[in-house]
Amino acid sequence: MRAGLPEADRRVVDEFERHLGLERGLSEHTVRAYVGDVVSMLGHAQQSGVGVAGVDLGILRSWLARQREDGAQRTSLGRRAAAVRTFTAWAHRREHLATDPGLRLVAPKRDRKLPIVLREDQAREVMAASAAGAEQLDPVALRDHAIVEMLYATGVRVAELCGLDIDDVDRAKRLVRVVGKGNKERVVPFGAPAAEAVGLWLDKGRQTLARDYSPPAVWLGARGGRLQPASVRRIVRDAVDAVSGVPGVGPHGMRHSAATHLLERGADLRSVQELLGHATLSTTQLYTHVTVDRLKAIHDRTHPRSR
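Quantities reported herein were computed from a predicted structural model and do not represent experimental measurements. (Residues numbered from 1 in each chain as written. Predicted model: local features only at pLDDT ≥ 70, side-chain atom pairs only at ≥ 80, totals over all residues. Heavy atoms only, no water.)

(A) Summary view of the sheet that holds strand β1 (residues 169–170). Judged by pairing direction, the sheet is antiparallel, and its three strands sit side by side in the order β1-β2-β3 without closing on themselves. In this open sheet, the two edge strands, each paired with only one partner strand, are β1 and β3 (185–189). As judged from the two bridges shared by β1 and strand β2 (residues 175–179), these two strands associate in the antiparallel manner. The partner of V169 across the bridge, within β2, is V176. (Pairing = 2+ DSSP bridges. Helix = DSSP H or I, 4+ residues; strand = E, 2+ residues; numbered from the N terminus.)

This is the structure in C-alpha cells:
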C-alpha cells in the first residue's frame, strides 16, 4: 500500500501507524483506514514532487477534490479529511511538519441520515421469535438468542460484544464490562430477559461448543474460537428476518433501537451517552431527532386536527 512512497515518507507513516495503535489504542480497522487515507494523500503529494515535509493546505485541498471527482461521498470525504487532520496534527507535534495545514482544512458537511430503528413492539417480536428458537436448548440457538437479547438490552457495539470474556459479565448484578473505542472501559447494565438468556447459554450451551483451546470468550463459534462480528451480523439478520414486516436491521440497528427506546421512555441524554460509550453528546443527540420524528408521525396519524 505504501510501497510507492519514498523511504523517508514510509518511515513517517510507520511511525504514525504505531502512534494510532499503541498510543491512541484505536482498533485495527480504524488504524488501517487512517493509514490508507494518509498514504493516498502522500501519493497525491508525491505527484507534485512533495514529501511529508512539504504537505500544505493546497495539497490537502487538491487531494480531497480528486477524491470527490472520483466519486467519494460526503461521508467518506469527511472521514478522509479527519484522517489527514489527525496525521498533520501529529506530524506537526513530531516536527515532521513546520506548521499544521490540517487546521484550515474544511471537508463538505456529511449528510446525516436518521438511523433505521425497530419499534418497541417489533423488538419484542424479534426477541420472542429468537426465544422460541432456543426452546429446545440447542446450544447454537441458545447462543444466538442470548446475543440478540444482549445487543438490544445494552446497545453495545458488535466489536464490544465479541470482545467480552466470561469475567466481564456480572450475572448477579446484571452488569457487563465492555472495552469501547480508544480502549475506554465502561460498565453497562442489562435486564432480566437478557440475564436469563445469557445464563442459559453459559450454563447449558457454551460447554458444548468449548474446546481445550477455547479462549475465555463469552461467545464461541462452532469450532470453539471467539465468535467474530461477521457471525453476529448474520445471527441478528436471521432473527430479524424471522419476523414479517420488520425493518432489516443488523447489530448496529439494535444499538440504534435500544438508544431510541431509552429516550422515548424518559432516559436523559447524558445517561444514554454514557451507556452507549459516545465520546461526544452530539452523537447521542441524533437519537432525539429519531424520537421527535416518530412523535410527529404519531401526531399526524392520530390527532383529529393534525391536518
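(B) Examining the packing of helix α6 (residues 139–154) against helix α9 (residues 229–241) more closely. Two elements in contact, α6 and α9, have axes whose closest approach is 10 Å; the angle formed by their N-to-C orientations is 90°. It follows that α6 is roughly perpendicular to α9 by the angle criterion. Only V232, R234, I235, V236 and A239 of α9 make contact with α6, whose side of the interface consists of R143, D144, I147, V148 and L151. Across the contact of α6 with α9, the residue classes tally to seven nonpolar, no polar and three charged. (Axes fitted to C-alpha atoms, helices over the stretch in contact; angles between N-to-C directions. Parallel < 35°, antiparallel > 145°, perpendicular 65-115°, else oblique. Contact = heavy atoms within 4.5 Å. Nonpolar A, V, L, I, M, F, W, Y, C, P; charged D, E, K, R; others polar.)

(C) Representation of the packing of aromatic side chains within the structure. In this structure the tally under the stated criterion is four aromatic pairs. Geometrically, the ring pair formed by F16 and F87 is edge-to-face, given 5.1 Å between the ring centres and 85° between the ring planes. Of this pair, F16 sits in helix α1 (residues 7–23) while F87 sits in helix α4 (residues 74–93), and the two are 71 residues apart along the sequence. As far as burial versus exposure is concerned, F16 and F87 are alike and both buried. Each ring, one from W201 and one from W219, has its centre 6.4 Å from the other, and the planes form 15°; the classification is stacked. Separated by 18 residues along the polypeptide, W201 in helix α8 (residues 192–209) and W219 in the loop between α8 and α9 bring together distant segments of the chain. W219 shares its class with W201; the two are buried. Aromatic rings pair up to connect F16, F87 and W90 into one cluster. (Phe/Tyr/Trp six-rings, centres within 6.5 Å; stacked < 30°, edge-to-face > 60°. Buried < 20%, exposed > 50% of the residue type's maximum accessible area, 1.4 Å probe, protein only.)

(D) Fine view of the pairing of β2. Residue alternation in β2 divides its side chains into a buried set, V176 and V178, and an unburied set, L175, R177 and V179. If you look at the hairpin formed by β1 and β2, you'll find four residues sitting between the two strands, and R174 has a positive phi there, around 55°. The pairing of β2 with β3 spans five bridges and is classified as antiparallel. Paired with V178 across the two strands is R186, which belongs to β3. Counting the residues between successive antiparallel strands, the hairpin from β2 to β3 contains five residues, one of them, G182, with a positive phi of roughly 70°.

(E) Focus on the environment of A192. As for its placement among the helices and strands, A192 is situated in helix α8. As a C-alpha pair, A192 and E149 span 43 residues in sequence and 10.0 Å in three-dimensional space.

(F) How the structure looks around the pattern of salt bridges. Enumeration over the complete set of coordinates arrives at 14 salt bridges. Across the pair R265 and E120 runs a salt bridge, and its minimum N-O distance is 3.0 Å. With a gap of 145 residues between them, R265 in the loop between α10 (251–264) and α11 (269–276) and E120 in helix α5 (residues 120–133) connect regions that are remote in the sequence. Across the pair R177 and D168 runs a salt bridge, and its minimum N-O distance is 2.7 Å. (Salt bridge = Lys/Arg side-chain N within 4 Å of Asp/Glu carboxyl O.)

(G) Examining α11 more closely. Every buried residue belonging to α11 is among L269, V272, Q273 and L276, and all of these are buried. Angularly, the buried residues of α11 cover 105° about the axis, an arc narrow enough to put them on a single face. Of the exposed residues in α11, the ones pointing more than 90 degrees away from its buried face are R270 and E274. You can read the cap of α11 off the contacts: a side-chain oxygen lies 3.3 Å from the backbone nitrogen of R270, and it is on D268. Just downstream of α11 lies G277, where phi reads positive at about 75°. (Arc of directions from axis to C-beta. Polar contact = N/O pair within 3.5 Å; in protein donor to acceptor, adjacent residues only side chain to side chain.)

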